[in-house]
Amino acid sequence: MTVTLPGLPGTEERYLEWGNDVVRLAVSHASDAAPRLVALWHAAEARPDVAGLRPSALPVLEVALRGEGRAGTAGKRHVDGAAAQRLRLTGSREERTGAVTRLELDVAEDQAGLRATVVYEVADGVPVVRSWARVTATRAAVLEHVTTGALAGLGHGTRWEDDLAVWHAANPWSGEFRWQRATPAQHGLVDVGMTRYGQVGSKNRIAWTSTGAWSTSEHLPMGIVEDTRDGRMLAWQVETNGAWHAELGDRYGDVYLVATGPTSAEHQWAGHVAPGSWFDTVPVSLAVVPGHPAGTDATLGDLAAALTTHRRRTRRPHPDHESLPVVYNDFLNGLMSDPSTERVLPLVEAAADLGAEYYVMDAGWYDDELGGWWDSVGAWEASTHRFPGGLGVVMDRIRELGMRPGLWLEPEVVGVRSPVARTLPPEAFFQREGHRLTEWGRHQLDLRHPAARAHLDAVVDRLVHDYGLGYLKLDHNIDIGPGTDAGRGEPTGHGLLGHGRAMLAWVAEVMDRHPGLVVEGCAAGGSRTDAAGGAVFTVQSLTDQQDFRLTPPIAAAAPLAITPEQAGVWASVDRSMDAEEIAFSLVTATLSRVHLAGRIDLLDGGQRDVVREGLAVYRGLREAIARAIPVWPTGLPGWRDPWIVQGARDGADLYLAVWRSPGTPDEGTEALRVPLPGLVATGAVEVLFPSWDSQAATLVDGGTTLEVKLPAPVSARLLRLRVNDRPAGGDRPTSSERH
């Protein structure tokens, strides 16, 4: 619904209100002022005073041009671009397709000839606004930063330095999804009092920047701004698989958020626009939910529901999202990139015996052992030394046992010793100032070049045809830096963005040519766990963590960034583990995607029985996992938390995974009380796995709390409860203090 509201008395300013049944936004516009995104709110909240928010509002397109910079302020911030302030609204359109509605705003300015269409998109019932813009110009211009992901007015009317809480997630290799929560003041952003003298504010900012080809190697491209007074949460998500930037700063007494793709200052990026050429900005999504009466953890669940629904809506369809087959991958704690016919066949037999549906040979199958494979990859032809009868013998055996075969590839790289490094043209590789780039013995392909794409198309089509592949794991283990100038002086950051977009388009084309093929995205574990990849890849790798005891905090926090049915979680087992440890490892993956790993061929009969039982339970749950919403009754997990709880709600069914971590003492910490924020359980608790401890959990406090008892450190249980929403007024506020 679009509503035009009158402006302030005595002015020409008008307000355009738009949205769906759950999320609303207001844009101010006038003949002498830039159209500005004044407010974004949930329909369950009171409509804000948009006129009061107008002084700090930011243009619907925040953009700065080379040679102009900012107006009215200076510094490192990506707001107050001079060109953005000259934009005027020239037209608007609304269109609806199914449950999705779009609002398009045409904006223009005459000094530089900038023209753009800003798009806002919402889906019925989902409190998420996704936005992007197509930017062009009537004469040549150079963009230095540009985004639709700018929103001010956060913390309006509050002591924002203490009343807001900022959530962000560090994403270290093998310790991913480390969420932290702090106030702006704790980040060093405070009200310096200068707005009383007509000044903008402090001019500093809280900033997160990702450079290079690993979009999530240091931070997730998302975050949350929470109003601690009423619990309201606003989440942002930058939808790119490359460089991005986000910042919070104070401006005219309020706090603003900017979330964007690459910029000139941070990423050596520039966007050239002119008649007949344009630039499409990196999409940014904003989700907003009101505070839940049951407190922070329940509000976080509402936010996760919004983001999960949004991600499911915006990804490309694939049957794997509903079927969730069990994958055995022979890399982690198994063959570790050292396969051969002799080593692989026992694992194939064991995987089939345990109930795996895919067998993925992860790395090393192409190694001719003449100096090692790391810097010789590129042709992707099977080693005849490792597989003297041919790789097809192993692939045939996988299919004979009822599984589908898969292989690991690292398509974007070519080793310096590979013949491909000499046969492809120089323009098919990343380069800067006439030098082909090398990182850790590899060159980087530029998938915008037709020769690079043709090479990879031939590789994938050959492998799928020759071996009947049903699965490809696509890895990327180098970070090539700011990008490529493509040998023609292109801004390097623009080259990186173009390659990243081309890479995802290529993956989509591969799946179009080979319907049903499952393609997993991986980059040094979880270094590309972003929304752009999630919209294309069927499955995404979360981590390279090899210690099964350290995997729960990674797996339990992941659903805030990725849908559970796309999150590949290692369930590593070996013969040194007792039954409780095997159950612990399997529980870790059971509410996501099971990637069974380890030397399963060496398990004894009892150990295999535990694995079979866990996988059987998983197969009974996966239909629910594919539609469930993640919840965290005790908050997002810390890295060293003694207990971790993560759940998935599917209507009246609540599934909970509970882990007792290695660091808990043997005595005195056997029990954990788990509140059920906003919920009340009915009936008894069912222990789904493992089966030998049916009395591990009981309901107390009238069904609003769960009491779990586990026998020792490194033990876990998967539970199922029947729940209802707690009646209004029946909630007791809860909060998580350890984020």
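The sections below set out a description of the structure shown in this document. All values reported here derive from a predicted model rather than from experimental measurement. (Residues numbered from 1 in each chain as written. Predicted model: local features only at pLDDT ≥ 70, side-chain atom pairs only at ≥ 80, totals over all residues. Heavy atoms only, no water.)

Details of the pattern of salt bridges
- Evaluated as defined, the whole model comprises 57 salt bridges.
- For Asp110, the salt bridge goes to Arg115, with nearest N and O atoms at 3.6 Å.
- Exposure remark for Asp110: the relative accessible area of 63% places this residue in the exposed category.
- We classify Arg115 as partly exposed; its relative accessible area is 28%.
- Arg417 serves as the salt-bridge partner of Asp375, at 3.0 Å between the closest nitrogen and oxygen. Within this pair, whereas Asp375 is found in the loop between strand 24 (358–361) and helix 9 (391–400), its partner Arg417 is found in the loop between strand 26 (413–415) and helix 10 (420–423), the two being separated by 42 residues in sequence. (Salt bridge = Lys/Arg side-chain N within 4 Å of Asp/Glu carboxyl O. Buried < 20%, exposed > 50% of the residue type's maximum accessible area, 1.4 Å probe, protein only. Helix = DSSP H or I, 4+ residues; strand = E, 2+ residues; numbered from the N terminus.)

Some remarks on the environment of Glu427
- Within the fold, Glu427 resides in the loop between helix 10 and strand 27 (431–432).
- Among the residues examined, Glu427 registers a relative accessible area of 43% and is labelled partly exposed.
- Distance from Glu427 to Ala30, taken between C-alpha atoms, is 48 Å for residues 397 residues apart in sequence.
- Apart from the residues lying within four places of it in its own chain, the contact partners of Glu427 are Asp446 and His449. (Contact = heavy atoms within 4.5 Å.)

A look at the nonpolar core
- Of all hydrophobic cores here, the largest spans 134 residues; its most connected members are Tyr359, Met361, Trp365, Leu560, Leu596 and Ile600.
- Residue contributions to this core peak at nine residues, all from helix 12 (residues 492–513).
- In contact with Ile600, other than residues within four places in its own chain, are Tyr328, Leu347, Ala350, Ala351, Leu354, Val573 and Arg608.
- Core analysis: the next-biggest nonpolar cluster, separate from the first, contains 56 residues, Trp18, Leu25, Val135 and Trp208 among them. (Core = buried A, V, L, I, M, F, W, Y, C linked by side-chain atoms within 4.5 Å.)

As for the sheet that holds strand 15 (residues 206–210)
- Strand order in the open sheet made by the four strands is 12-19-18-15, with antiparallel pairing throughout. Strands at the two margins of the open sheet, each flanked by one partner only, are strand 12 (150–154) and strand 15. Taken pair by pair, the neighbouring strands of this sheet meet at an average axis angle of 15°, ignoring direction.
- Here seven bridges tie strand 18 (residues 244–251) to strand 19 (residues 254–260), and the two strands are oriented antiparallel to one another. In the strand pairing of strand 19, Glu247 is matched with Val258. (Pairing = 2+ DSSP bridges. Axes fitted to C-alpha atoms, helices over the stretch in contact; angles between N-to-C directions.)

Side note on the packing of aromatic side chains
- This structure, assessed with the given rule, holds 15 aromatic pairs.
- Measuring from centroid to centroid gives 5.1 Å for Trp365 and Tyr366, while their planes differ by 75°, and the two rings are edge-to-face.
- Residue Trp365 is classed as buried on the basis of its relative accessible area, which comes to 0%.
- The buried category is assigned to Tyr366, whose relative accessible area is 9%.
- When the centroid spacing of 6.1 Å and the interplanar angle of 70° are considered together, the rings of Trp373 and Trp408 count as edge-to-face. Of the two residues, Trp373 sits in the loop between strand 24 and helix 9 while Trp408 sits in strand 25 (residues 404–409), which places them 35 residues apart along the sequence.
- On the basis of relative accessible area, Trp373 is assigned to the buried category, the value being 15%.
- Under the relative-accessibility criterion, Trp408 is labelled buried at 3%.
- Linked through ring pairs, Trp365, Tyr366, Trp373, Trp374, Trp380, Trp408 and Trp440 together constitute an aromatic cluster.
- Looking at Arg436, its charged tip hangs above the ring of Phe429, at a distance of 3.9 Å from the centre.
- The ring centre of Trp374 lies 3.4 Å from the NZ or CZ of Arg442, which sits over that ring. (Phe/Tyr/Trp six-rings, centres within 6.5 Å; stacked < 30°, edge-to-face > 60°. Lys NZ or Arg CZ within 6 Å of the ring centre and 35° of its normal.)

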